[in-house]
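The residues making up each chain are set out below.
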Amino acid sequence: MEDRSRRDNIRVFGIPENEEGSDMQAFLTSTLPKMISLDFDPPLEFQRAHRIGPKRSDNSSRPRPIIACLLQHNQTRQILQVARNHSPFRIDQHEIRITADYSKETNECRKAFLALRPRLRKLEMKYGLFDPARMRVTKNGVSKDFYNPDELRLFLDSFQSQPMDSLNTDSEHDIVGGSDRAETPHSGMEKAKTALHDTGASHREPRLYNGKLPVNRYLPSVHDR
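Since the model is a prediction, treat every value here as computed from it, not as a measurement. (Residues numbered from 1 in each chain as written. Predicted model: local features only at pLDDT ≥ 70, side-chain atom pairs only at ≥ 80, totals over all residues. Heavy atoms only, no water.)

A closer look at the overall build of the chain
Under the convention used in this document: Where helices and strands are cited, they refer to DSSP runs of H or I of at least four residues and of E of at least two residues respectively, numbered from the N terminus. We call two residues in contact when some of their heavy atoms are within 4.5 Å. Exposure was quantified through the Shrake-Rupley algorithm and a 1.4 Å probe, taking into account, for residues, occlusion by the shown protein chains and nothing else.
Scanning the chain from terminus to terminus reveals seven helices and nine strands. When contacts within the chain are restricted to residue pairs at least 6 apart in sequence, long-range pairs at least 24 apart make up 64% of them. Summed over its atoms, the accessible surface of the chain is roughly 12,400 Å², and 47% of this surface lies on carbon and sulfur atoms.

Structure follows, in structure tokens:
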């Protein structure tokens, strides 16, 4: 629920302190479209926008991130899609990044998934981290989604005794350019569940790292390149 309340928020990292002057909303309305090379009609509108944390007196320190809440959800999605494909951006010599505004527990779940990337690469698996916290793993054209880093870790532990190409599914997913739409049950999923059980990996229903079911509404955000 906390992530849902943040669905229209974006976070902007790297914009120098005081660059926005006295009006953060006007600054973002003017700067963001040019920075990401995207025209908005109607123009960007914000409910609120401000920096996070206490003001820093040392201008050489890393600038505080900006959090902004847009009035139009469609504009939020457009910005995050462009950021996913083209980040980082630049203002003068400064590198700028834009991300979704996740809750603390979702950020922890995403970090735990990302920590497993070296193991996935070693096993020559394609992978992608989708919003808010869903890791899709692909091997030999067969894909499976994980909502819990512990379940993915157990799956990787058992992979040598139960190759992924035995997890037959009715449909294949190419991880590059995948869409974050609601998953459709298919007969192959029961086979995947059985395979995980047979290898000693406990199966649980899709959920977040803390046991909560994620809201499936964001665009994909990270891909293996």
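Details of the nonpolar core
Rules: Remark: nonpolar core denotes a set of buried residues (Ala, Val, Leu, Ile, Met, Phe, Trp, Tyr, Cys) joined through side-chain atoms within 4.5 Å. Only protein chains enter the accessibility calculation, which uses a 1.4 Å probe. A residue is then buried if its area is under 20% of the maximum for its type, exposed if over 50%, and partly exposed in between.
Membership of the largest hydrophobic core comes to 26 residues, with the highest contact counts inside it found for Ile10, Leu28, Leu32, Ile79 and Ile98. Elements with a contribution of two residues or more to this core: β1 (9-13), α2 (24-36), β2 (46-51), β3 (66-70), α3 (73-86), β4 (89-91) and β5 (94-100). Counting residues per element, this core draws most heavily on α2, which supplies six residues. Filtering out sequence-adjacent residues up to four positions away, Leu32 remains in contact with Ile10, Leu44, Phe46, Ile79 and Ile98.

Quick word on the sheet that holds β1
Applicable threshold: Only strands that DSSP links by at least two bridges are regarded as paired with each other. For every element, the axis is a line fit to its C-alpha atoms; helices are fit only across the contacting stretch, and the angle between N-to-C directions ranges from 0 to 180 degrees.
Read from one edge to the other, the open sheet built from five strands follows the order β2-β3-β1-β5-β4, with strand pairing classed as antiparallel. The sheet is open, and its two edges are formed by β2 and β4, each paired on a single side. The average undirected angle you get between the axes of adjacent strands in this sheet is 25 degrees. Taken together, the five bridges between β2 and β3 define a ladder with antiparallel strand orientation. Bridge assignment links His50 to a residue of β3, and that residue is Ile67. Where α3 meets the sheet, its contacts fall on β1, β3, β4 and β5, and the angle it forms with β5 comes to roughly 130 degrees.

Remarks on the pattern of salt bridges
Just so we agree on the cut-off: Salt bridges are identified by distance alone: a Lys or Arg side-chain nitrogen within 4 Å of an Asp or Glu carboxyl oxygen.
Within this structure, the stated rule accounts for eleven salt bridges. For Arg51, the salt bridge is made with Glu20, and the minimal N-O distance between the two is 2.8 Å. Here Glu20 lies in the loop between β1 and α2 and Arg51 lies in strand β2, a separation of 31 residues in the sequence. Taking relative accessible area as the criterion, Arg51 reaches 9% and is therefore assigned buried. Bridged by salt links that share partners, the residues Glu17, Glu20, Arg51 and Arg64 form one connected network.

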